[in-house]
Each structure stands twice: as structure tokens, then as C-alpha cells.
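# Observations on the three-dimensional arrangement
Take a look at the letters that make up each chain.
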Amino acid sequence: MHALHPLRAELVAHPLYGSLRTLADVRVFQEHHVFAVWDFMSLLKALQRALTCIEIPWRPVGDPVARRLINEIVVGEECDDDGHGGYIAHFDLYTMSMREAGASTRGIEDVLARLGRGESVESALANAPRAAANFNRVTFGIVQSGSVPAIAAAFTLGREDVIPDMFRQLVRDLDGSGGSRLPALVDYLERHVALDGERHGPMAARMLASVCGDDDGAWHSARAAAEASIRARIALWDGILEALRAPTVRSLSTATA
């Protein structure tokens, strides 16, 4: 969608890249960004629910191409090869990278615990970093809309399409500030650059085309959701940059050290 190019360019050129100069900066980044890693899975699962049959008894629902694409992405995200003969979810890989960096996982663990007790998403986000919570609200607003074109566009154009370019910038940033000390984080970022750029991104684009087809209304909904998602990401990056620049606002781990 050509109309999204200026927003996409703004995101890829964000000043956050180049600002992760110390390990403390990386911790602040991760303690915000983990919420985007988490809510990504809800976008993915919403698509799996809409485009495949997860009910019993099973029925052959929807376009088989879309079913194949979304199920393959689920396998890659939820139980990827861990490189050691086992499997790991990308969310778990990310939280492992946080512990490696000394970042606190208390914020995201609090959200997951609250959800496990039956609280709503809004209630569960009560103690999350403000910028991260606002980002999550946009994501779950799209999920809760029930619009498959909107969810597919948020996933494809708001995530899979932009993640490789964003993460390449972050890898360069980390390489200049001691990324060799953070192998799990660099592995997570590089894995997504490769998977999303070479496989998941093109697959998601085909899925979005399948969902919207020749329906102008569907494409309108898709564009609006994609724009909202990219704007939300820019606002998240703005919030992290603000936290990095505020001397009294540091990571949860350093604040309690």
C-alpha cells in the first residue's frame, strides 16, 4: 500500500535506533518491547481462529492457501527449532534474552498472571509501562473488532513487513554497543530478520491478499488497521526513547538493584 510508505519510512528511520548505547539502555528497551512480542501472538492466534478450523468436529474452513500460510507461521512462532535439538516459542526466547541482559520480566509476568486470574486485558495492563500498554490497546482493539482484513493487515503490514527493517537497525545498534554480550537477543532479532524477510513476510502478504480479494471495503479496513498499527509502533518507540532520555526513569532491574 503506497499510502503507508511515509509512515513506514518514519518508523524505519526512528531515532531510537542508535540510542541503545549501554546495557542499561537495552534493559529499558526490552522491558517495553516484550509487550509487543507478547501481543503479536494474539494477532497470530486471531488469524488462526478466523482462517482455520479449531473447533470439534473439524470442518474444512476457508481458503486452503491461507490455512497453510497461517499454520506454518504459527509453527515457526510458537515452537521454533531452538538449535539444540529442542523447540522454543519466540516469546520464551525473548524473555530468555531479557534474563541474559539482566532486564526485569516482572512487568510482563504480572500481566500474564493477571490474565491467568481471569482479568481483562485492560485490567491486566494496569502496571505495564505506559507506552507499552498504549501499544497493546491498539493491537487488542484491532483483534476485538473481529474484522479479519483489519487483523490480517495489522499482522502483515504492521508487523511482518516492517520487522526485518526495524530489527536490522537494532542489530547494527547492538553490534556497536556490545551485542556480543547479548547472544540470545541478537539471535532473536536475526532470526526474525531472516524468517520474516525471507519466508513469513511474503507468506503473510499472500494471506492478506487472499483475505481481502477484490473487496474494496476489506482493503479500506486493512489500510486503516495497518496505519493504526504503524503509528502505534512509532508511539511505542517514542515512549522508549523518552524513557532512555529521562535520567530518573530506568529499567525495573536497575531501579531495584
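Report on the accompanying structure. None of these values were measured; they are calculated from a predicted model. (Residues numbered from 1 in each chain as written. Predicted model: local features only at pLDDT ≥ 70, side-chain atom pairs only at ≥ 80, totals over all residues. Heavy atoms only, no water.)

Let us now look at empty space enclosed by the protein. All told, the structure shown has two cavities of 30 Å³ or more when counted by the stated rule. When its volume is computed, the largest cavity comes out at roughly 120 Å³. Around the largest cavity sit 15 residues that line it, and Ala-36, Val-37, Phe-40, Tyr-188 and His-192 are the ones nearest its centre. Going through the elements one at a time, helix H2 (23–51), helix H4 (90–101), helix H8 (148–160), helix H9 (163–175) and helix H10 (183–212) are the ones with two or more residues in the lining of the largest cavity. At five residues, the largest contribution of residues to the lining of the largest cavity is made by H2. (1 Å grid on protein atoms, 1.4 Å probe; cavity = no way out; pocket = protein on both sides within 12 Å on 5 of 7 lines; lining within 4 Å. Points joined across faces, edges and corners; volume = space filled by probe spheres on them. Helix = DSSP H or I, 4+ residues; strand = E, 2+ residues; numbered from the N terminus.)

Here the focus is the packing of H2 against helix H3 (residues 64–78). Packed helix pairs are specified by the crossing angle of their axes together with the interaxial distance, meaning the distance between the axes. Interaxial distance between H2 and H3 falls to 10 Å at its minimum, and their mutual angle equals 150 degrees. Here H2 lies roughly antiparallel to H3, going by the angle between them. Crossing of H2 against H3: the hand is left-handed. On the side of H2, the interface is formed by Phe-40, Met-41, Leu-44, Lys-45, Leu-47, Gln-48 and Leu-51, while H3 contributes Ala-66, Arg-67, Ile-70, Asn-71, Ile-73, Val-74, Glu-77 and Glu-78. For the contact of H2 with H3, the class distribution of residues is nine nonpolar, two polar and four charged. (Axes fitted to C-alpha atoms, helices over the stretch in contact; angles between N-to-C directions. Parallel < 35°, antiparallel > 145°, perpendicular 65-115°, else oblique. Left-handed = near helix turned anticlockwise from the far one by under 90°. Contact = heavy atoms within 4.5 Å. Nonpolar A, V, L, I, M, F, W, Y, C, P; charged D, E, K, R; others polar.)

Scanning the model with the defined rule gives eleven salt bridges in all. Arg-117 is the partner of Glu-119 in a salt bridge, and the nearest nitrogen-oxygen pair spans 3.6 Å. You can call Glu-119 partly exposed: its relative accessible area is 25%. For Arg-117, a relative accessible area of 57% corresponds to the exposed category. A single salt-bridge network, built from bridges that share partners, covers Arg-8, Asp-161, Asp-165 and Arg-168. (Salt bridge = Lys/Arg side-chain N within 4 Å of Asp/Glu carboxyl O. Buried < 20%, exposed > 50% of the residue type's maximum accessible area, 1.4 Å probe, protein only.)

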